[in-house]
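Take a look at the letters that make up each chain.
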Amino acid sequence: MKKHRILMGALALAVVAATVIACTKEKEQQQETPEPQQQTANPNDLTLAEMKEALSWEEGKAFFENQPIKDYTSACEMVLNDCGGAEKSEEDASFDIAWRWPSQDGGCNSVYAGICKVIKKDKDSAQQNAKGYFEQGKLVIVPTSEENGFTADGYLAIGMPIESQNDSIIIQEGIYSVYFDEEQGRYSAVAVDFVVKP
């Protein structure tokens, strides 16, 4: 009986020792394996909800509070179907747009998508990256390069009024639905509110 107790005690110690060694090795492996860092290489990879969640109050999170989504995609459809993206009239314009979220200091926040700067260009300028068309009282913006300020789920958030340089229009803040082109399989245009400078 005494031998049995000694044997059981030795067996219990061996089990405890094996458990401690296994736990120690597991902790060492966890420490050696670094956690993958979360990085968004492209601001357009974020959905509107993810962007709202990621922005700090200093960066403009308050903008999203009670902000309705404006859907003027019918104006986009008219422009793209009428002219296939070609110039419609002398009133239409070419722009160089900085497709980033506007920062409070007047600059651009490169982490998030949006519009922070608009410069009207000559129609044949090599520096233009978007065309603008006036339709149904809206400005329809059609990016002419791969770059755009659209979220992954098809919205353009403009956090503050953006005054176009070399032009008389001010693009109004808001969250705008982006037109999805079925043929191209991508978001291709957005219609926004604007006012003319006094």
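What counts, and where the lines are drawn
- Residues numbered from 1 in each chain as written.
- Predicted model: local features only at pLDDT ≥ 70, side-chain atom pairs only at ≥ 80, totals over all residues.
- Heavy atoms only, no water.
- Disulfide = S-S within 2.5 Å.
- Core = buried A, V, L, I, M, F, W, Y, C linked by side-chain atoms within 4.5 Å.
- Buried < 20%, exposed > 50% of the residue type's maximum accessible area, 1.4 Å probe, protein only.
- Helix = DSSP H or I, 4+ residues; strand = E, 2+ residues; numbered from the N terminus.
- Contact = heavy atoms within 4.5 Å.
- Pairing = 2+ DSSP bridges.
- Phe/Tyr/Trp six-rings, centres within 6.5 Å; stacked < 30°, edge-to-face > 60°.
- Polar contact = N/O pair within 3.5 Å; in protein donor to acceptor, adjacent residues only side chain to side chain.
- 1 Å grid on protein atoms, 1.4 Å probe; cavity = no way out; pocket = protein on both sides within 12 Å on 5 of 7 lines; lining within 4 Å.
- Points joined across faces, edges and corners; volume = space filled by probe spheres on them.
- Nonpolar A, V, L, I, M, F, W, Y, C, P; charged D, E, K, R; others polar.
- pLDDT = per-residue confidence, 0-100.

Enquirer: How would you summarise the state of the cysteines if you had to cite specific residues and measurements?
Expert: One pass over the full model with this rule turns up one disulfide. Disulfide partner of Cys108: Cys116, at an S-S distance of 1.9 Å. Negative torsions about the S-S bond denote left-handed disulfides, and the value of about 90 degrees found for Cys108 with Cys116 makes this one right-handed.

Enquirer: Now, about the nonpolar core: what can you tell me, with residues and values included?
Expert: Counting 19 residues, the largest nonpolar core has Ile115, Ile141 and Val192 as its most contacted members. Within the residue set of this core, elements represented by two or more residues are strand 2 (93–98), strand 7 (138–143), strand 8 (155–158), strand 10 (169–171), strand 11 (174–181) and strand 12 (186–192). No other element matches strand 2, which puts three residues into this core. Other than its neighbours up to four places away in sequence, Ile115 contacts Ile97, Ala98, Trp99, Arg100, Pro102, Ile141, Leu156, Ala157, Ile158 and Ile162.

Enquirer: Can you lay out the pairing of strand 12 for me, pointing to particular residues and giving the numbers?
Expert: With five of its seven residues buried, strand 12 lies for the most part within the structure. Relative to strand 12, strand 7 is paired through three bridges, and the arrangement is antiparallel. In the sheet register, Leu139 faces strand 12, and the bridge partner there is Val192. Bridge analysis of strand 11 against strand 12 gives four bridges, and the strand direction is antiparallel. Residue pairing in the sheet places Val178 in a bridge with Val190 of strand 12. Taking the residues between adjacent antiparallel strands as the criterion, strand 11 and strand 12 are bridged by four residues, where Gly185 takes a positive phi near 70 degrees.

Enquirer: Kindly report on the packing of aromatic side chains, identifying the contributing residues and their values.
Expert: Applying the stated criterion to the full structure yields seven aromatic pairs. An angle of 65 degrees between the planes, with centres 5.6 Å apart, marks the rings of Phe63 and Trp101 as edge-to-face. Of the two residues, Phe63 is situated in the loop between helix 2 (48–54) and strand 1 (69–70) and Trp101 in strand 3 (residues 101–102); the sequence distance between them amounts to 38 residues. On the accessibility criterion, Trp101 (1% relative accessible area) is buried. Aromatic side chains Tyr72 and Tyr176 sit 6.2 Å apart centroid to centroid with 45 degrees between the ring planes, which places their arrangement in the tilted category. Of this pair, Tyr72 sits in the loop between strand 1 and helix 3 (73–83) while Tyr176 sits in strand 11, and the two are 104 residues apart along the sequence. Connected via pairs of aromatic rings, a cluster forms that spans Phe63, Phe64 and Trp101.

Enquirer: I'd like a description of the side chain of Ser94, backed by residues and values.
Expert: Tracing the backbone through its elements, the reader meets Ser94 in strand 2. The buried category is assigned to Ser94, whose relative accessible area is 1%. Within the structure, the side chain of Ser94 is placed 3.3 Å from the side chain of Lys131, a separation counted as a polar contact.

Enquirer: Let's hear about the layout of surface pockets: which residues, and what values?
Expert: Size it by volume and the largest pocket reaches roughly 210 Å³. If you list the elements that add at least two residues to the lining of the largest pocket, you get helix 3, strand 7, strand 11 and strand 12. Partitioned by chemical class, the residues of the lining of the largest pocket number five nonpolar, four polar and four charged. Looking at the second largest pocket, its volume works out to about 180 Å³. Broken down by class, the residue content of the lining of the second largest pocket amounts to three nonpolar, five polar and two charged.

Enquirer: Go over the environment of Ala152 with me, naming the residues and quoting the values.
Expert: Topologically, Ala152 is positioned in the loop between strand 7 and strand 8. The spacing of Ala152 and Asn44 is 108 residues in sequence and 5.4 Å in space, taken between C-alpha atoms. Not counting residues within four places of it along the chain, the set of residues in contact with Ala152 comprises Asn44, Asp45, Leu46, Thr47 and Tyr187.

Enquirer: Which residues make up the confidence of the model for the protein chain, and what values go with them?
Expert: Here the protein chain averages 80 in pLDDT, and 74% of its residues register 70 or above. Confidence drops under a pLDDT of 50 for residues 30–40, and excluding neighbours within four residues, the segment shows two contacts in the predicted structure.

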